[in-house]
Structure formats: C-alpha cells, structure tokens
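Listed here are the chains, written in short residue letters.
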Amino acid sequence: MTRPTSTSTPFPPPPGARAYPLRTARGDFAVVDSPPAAGAEQRGVALLLPGFTGSKEDFHLLHGTLAARGYRTVAVDGRGQNESDGPADDESPYAREELARDVLAQAAALGTPLHLVGHSLGGQIARAAVLLDHSPFVSFTLVASGPAEISESQKQRVKLLHDALAVMTMPQVWEAILAMGPPEEVGGPARGFGAPDQLRLRWTNHKPAQLLATGRQLCAEPNRVDELAAVPLPLHVLSGARDDTWPVPLLDEMAVRLRAARTVIPGAEHSPNLEQPGPTAHALADFWDRHPRR
C-alpha cells in the first residue's frame, strides 16, 4: 500500500522514523514507522502495541537498535490512545474484541507478515487478535503482560483512577497524579518517553472511555493461556526482573505453559522497553532472527 507522508505532531519521532496516520478499514491510527537502517539486511517488520495509559512513544528507544538489526518497526496508538481518535464517553468501541479487530486491520493495512509485540495491556489486546486470526503474524511477543487479571495492588490503582475520572476532568486527574509524588515513584501515565509537557498532553489526549473500558478489562481478564498455546506461532515472554503488575514467577509459569521463549531483562521492571531499551531491543531481534518471515 502507499503510506501517507509524515504529519506534524507534538510527539516527534526518533531519527529516521516517520509519524503519520495509518489508514485502515477500521479508521486511522497514529503510528511511528521506523525503517531498517541504511545498509542493513531487511529481516522483517514488527507491529508494537503499547500498554494502559501508554502510547506509541513508549517504544521510541527501541527503534534505532531494531533498525540496525534490519527490522522495520511500526508502533501504534490504539483506538482512543493519545493521537488515535475514539469516542470520549461511549465505551462500546473499546470492547476487547473491537480492539483486537483494530489490530487485525492495522496488520492488513501494513500488508506484510508481522512480528507482533504487545506491552502490558497491549499484550492482552494482541493476544485477543491472535486468537481471532493468527495468519497475519510471524511471531508474538508478550512484554510484561500476564496470563489473566492484574495483581490486587494494581486493581486498587485502577479503581482510584476510575473514581477520579467519575468526578474530575482529564487535566484535573493529571494534577492529582502529579500530587501523589515524583513520576519515578508514581509511575503509570507520569512515566514515559518525553518531556513533562508531552506526558501531560499524552494523558489529556487519551479518551476517558478508553481508560475506563480497558481498566475494567485488566481487572477481569480471563486466563486464555491454553487457547494461546494451541496457536501455531512462535511465542516469546519478555519481562523485567521485577514486576508488580504480574509477578515474575507468574510470567515464568505462563511461558512454560506456552512453550514460549523466555527473556528476563536485568535492571528492568514493568517497562523494559523504557528502562532497559538496548537489551530489550536485542532480545526481540534475537527472537525474531530465529523465526524469519514465512
């Protein structure tokens, strides 16, 4: 397909990458598209899905290393995330199957077999897409994304967010988040790639209905490991060495049940793509190298 040219954005892409709206049968989705580095052997294409309160910018630090390894990487804002549009009040378009079908539409628009990567919530949405139709994908990597619902401590954080959204505007909730402490301690939307004003803009760009619907999904996700294990794709479970959202031993057990490759990134927690991007990018590329495009 012919891809649109880069568009102006307050979230500049990394060197060599382009930001544009990917046009699909289910609407436009904001992407950052990074080609293989000049002179590198072209080895494949990957679609990267961000987590809860996250965005495509959470993968910025991976693109350069993966480009040097010969991979084109396309990071996407899902429906209602950051620069991708969606309804502010209607939660029905954010049902899990609807978001999964968005992923399949993005894969169809890119028009090539893809390595699929999902971080946290993005991993569960990607899993739903793979269970609907695995044929567009060459492999599937879950990054810090567990087998079912999130931990009790994280459920409490989601509940606090939902309670706040019921009585506050998005800018007011942002101020409340910052009042809780330094970003490195608060985490969530206060952490990410970019300056403070960009993180605030990313937060206020998110649609409240998307946060409410996907937050509920994270708190009630069923265990679909056996279903995923039956899918004929190479699977990979990657995480940091510590994770409060899904404990690392739970991710270890899931990888065994999936007969998946397993990577633990030292020095990283729930966002190895941000906390240890070099080792994370090489771990992804090493896995993809073992499973080249069909």
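Read on for an overview of the structure.

Thresholds applied
Residues numbered from 1 in each chain as written. Predicted model: local features only at pLDDT ≥ 70, side-chain atom pairs only at ≥ 80, totals over all residues. Heavy atoms only, no water. Buried < 20%, exposed > 50% of the residue type's maximum accessible area, 1.4 Å probe, protein only. Helix = DSSP H or I, 4+ residues; strand = E, 2+ residues; numbered from the N terminus. Pairing = 2+ DSSP bridges. Right-handed = clockwise from strand over helix to strand, strands pointing away. Polar contact = N/O pair within 3.5 Å; in protein donor to acceptor, adjacent residues only side chain to side chain. Axes fitted to C-alpha atoms, helices over the stretch in contact; angles between N-to-C directions. Contact = heavy atoms within 4.5 Å.

Focus: the pairing of strand β4 (residues 71-76)
Here's step 1: Burial analysis of β4 places six of its six residues in the buried class, which makes it a mostly covered element.
Here's step 2: The alternating pattern of β4 places Y71, T73 and A75 on one face and R72, V74 and V76 on the opposite face, and all of these are buried.
Here's step 3: As judged from the four bridges shared by strand β2 (residues 27-34) and β4, these two strands associate in the antiparallel manner. Residue S34 lies in a different strand from β4, and its bridge partner there is T73.
Here's step 4: For strand β3 (residues 44-49) and β4, the ladder comprises five bridges, and the chain directions are parallel. When the bridges of β4 are listed, A46 appears paired with T73.
Here's step 5: A crossover links β3 with its parallel partner β4, the connecting element being helix α1 (residues 60-68), and its sense is right-handed.

Here's the deal with the environment of E149
Here's step 1: Along the chain, E149 falls in the loop between β6 (137-143) and α4 (152-167).
Here's step 2: Accessibility expressed as a relative area gives 35% for E149, which makes it partly exposed.
Here's step 3: Once the C-alpha coordinates of E149 and E221 are considered, the two residues, 72 residues apart in sequence, prove to be 4.6 Å apart.
Here's step 4: A distance of 2.7 Å separates a polar atom in the side chain of E149 from a polar atom in the side chain of K155.

Notes on the sheet that holds β6
Here's step 1: Judged by pairing direction, the sheet is mixed, and its eight strands sit side by side in the order β1-β2-β4-β3-β5-β6-β7-β8 without closing on themselves. In the strand order of this sheet, the two ends are held by β1 (18-24) and β8 (261-265), each with one partner. Between one strand axis and the next, the sheet turns through 25° on average, direction left out of account.
Here's step 2: On the sheet, α1 packs against β2, β3 and β4 and is oriented at approximately 165° with respect to β4.
Here's step 3: Strand contacts of helix α3 (residues 121-132): β3, β5 (114-119) and β6, with the helix running at about 140° to β5, the strand carrying the most contacts.

Read these as layout, nothing more, since geometry by itself doesn't imply function.
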